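Given next are the chains, with one letter for each unit.
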Amino acid sequence: MTLSKQIVLPVLVMVAGLGVFASAQAKKPAMKAKASHAKVFFVEPKNNATVSSPVHMKFASKGIEISPVPPGDPKETRPGVAHYHVGIDQDCLPAGKNIVKGTPSWVHFGDGKDVFDSQLTPGKHKLALQLGDDLHNTLPGACQVITVNVK
């Protein structure tokens, strides 16, 4: 009987430990999308559209959470979280490039908004929509450029 008691106690400890481990795994929050899989696109206007000024723009994304930049001066980024930037007559910036706030050709949407009206002169304009992290660094592959003709 002593031998079976010696075996039962370690087995019970192992079963209890596995139960705690399984419970901890079940409570883990769902992993956020990796920024490298994020996609961004203009809902409106469509590429090559003829539009009037002010040009109404609406953006969307897939594979990432769009959220306002935390207040203050963030020192680190939140994984799987970004916000929009629109470049007027700009191309996509390389991944990891910092979009400096106050740059006249780039509009920041650190407030998390996904709509924008912009006065543009008549003629052809290139619009670049690019995701940035909390430090305004561009994310890989998360940019779309369209062309519009303003009447």
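Only a predicted model underlies this, so the values are computations on that prediction, with no experimental measurement involved.

A. Structural detail: the overall build of the protein chain. Scanning the protein chain for helices and strands turns up 1 helix and 9 strands. Of the regular secondary structure in the protein chain, the N- to C-terminal order runs α-β-β-β-β-β-β-β-β-β. Buried residues in the protein chain amount to 31% of all 151 residues. The long-range share in the protein chain, meaning contacts at least 24 apart out of those at least 6 apart in sequence, stands at 66%. Counting only carbon and sulfur atoms, one obtains 62% of the accessible surface of the protein chain, whose full area is about 9,300 Å².

B. Region of the structure containing the confidence of the model for the protein chain. Per-residue confidence for the protein chain averages 84 on the pLDDT scale, and 76% of its residues sit at or above 70. Note on residues 8–35: pLDDT is under 50 here. Beyond four places in sequence and across chains, it has 11 contacts.

C. Quick peek at the state of the cysteines. Within the structure shown, the criterion is met by 1 disulfide. In this model, C92 is linked to C143 through a disulfide, with the two sulfur atoms separated by 2.1 Å. The sign of the S-S torsion, about -90°, decides the handedness of the disulfide formed by C92 and C143: left-handed. Highlighted residues: C92 in the loop between strand 5 (81–88) and strand 6 (106–109) and C143 in strand 9 (residues 138–150), separated in sequence by 51 residues. On the accessibility criterion, C92 (36% relative accessible area) is partly exposed.

D. Region of the structure containing the environment of P122. Assignment of secondary structure puts P122 in the loop between strand 7 (115–118) and strand 8 (123–132). The exposed category is assigned to P122, whose relative accessible area is 64%. Separated by 28 residues in sequence, P122 and V150 have C-alpha atoms that sit 4.7 Å apart.

E. Quick peek at the packing of aromatic side chains. This structure, assessed with the given rule, holds 4 aromatic pairs. Among the aromatic residues, ring-to-ring pairing joins F42, F59, Y84, F109 and F116 into one connected group.

F. Representation of the nonpolar core in the model. Counting residues in hydrophobic clusters, the biggest one holds 24 residues, and the most contacted among them are M57, F59, L127 and L131. Elements with a contribution of two residues or more to this core: strand 1 (39–44), strand 2 (49–51), strand 3 (55–62), strand 5, strand 8 and strand 9. Tallying contributions element by element places strand 9 first for this core, with 5 residues. Those residues in contact with L131 that lie beyond four places of it in its chain are A38, V40, I64, I66, A82, H83, Y84, H85, N137, T138, L139 and A142.

G. Unusual backbone geometry, seen in detail. With an omega of 0°, the peptide bond running from E44 to P45 counts as cis. Take P45: it is sitting in the loop between strand 1 and strand 2. In this chain, S53 is followed by P54 through a cis amide linkage whose omega measures 5°. Looking at where P54 falls in the secondary structure, it is placed in the loop between strand 2 and strand 3. The phi torsion at D89 lies on the positive side, around 55°, for a residue other than glycine. Position of D89 relative to the elements: it lies in the loop between strand 5 and strand 6. Judged by relative accessible area, which is 40%, D89 ranks as partly exposed. Backbone geometry places H136, a non-glycine residue, at a positive phi of 70°. Tracing the chain through its elements places H136 in the loop between strand 8 and strand 9. Of the residues examined, H136 reaches a relative accessible area of 11% and is grouped as buried.

Conventions we followed
Each chain has its residues counted from 1, following the order in which its sequence is written. Under the rules for a predicted model, residues below a pLDDT of 70 receive no local features and side-chain atom pairs below 80 are neither given nor counted, while totals for whole chains, interfaces and linings still include all residues. Values shown for side chains rest on all heavy atoms present in the structure; no hydrogens or waters enter the calculation. Secondary structure elements follow DSSP: runs of H or I of four or more residues count as helices, runs of E of two or more count as strands, with numbering from the N terminus. We call a residue buried when its accessible area falls under 20% of the maximum for its residue type, exposed when it is over 50%, and partly exposed in between, using a 1.4 Å probe and counting protein chains only. Whether two residues are in contact is decided by their heavy atoms, any of which lying within 4.5 Å being enough. Each accessible area value is a Shrake-Rupley result obtained with a 1.4 Å probe; residue values ignore everything except the protein chains displayed when judging cover. pLDDT runs from 0 to 100 and stands for how confident the predictor is about each residue. By convention in this document, the label disulfide applies to cysteine sulfur atom pairs within 2.5 Å. The pairing test for Phe, Tyr and Trp rings, Trp by its six-membered ring, is centres within 6.5 Å, and the orientation test on the planes gives stacked under 30 degrees, edge-to-face over 60, and tilted for anything in between. What is meant by a nonpolar core is a set of buried Ala, Val, Leu, Ile, Met, Phe, Trp, Tyr and Cys residues, joined one to another through side-chain atoms within 4.5 Å.

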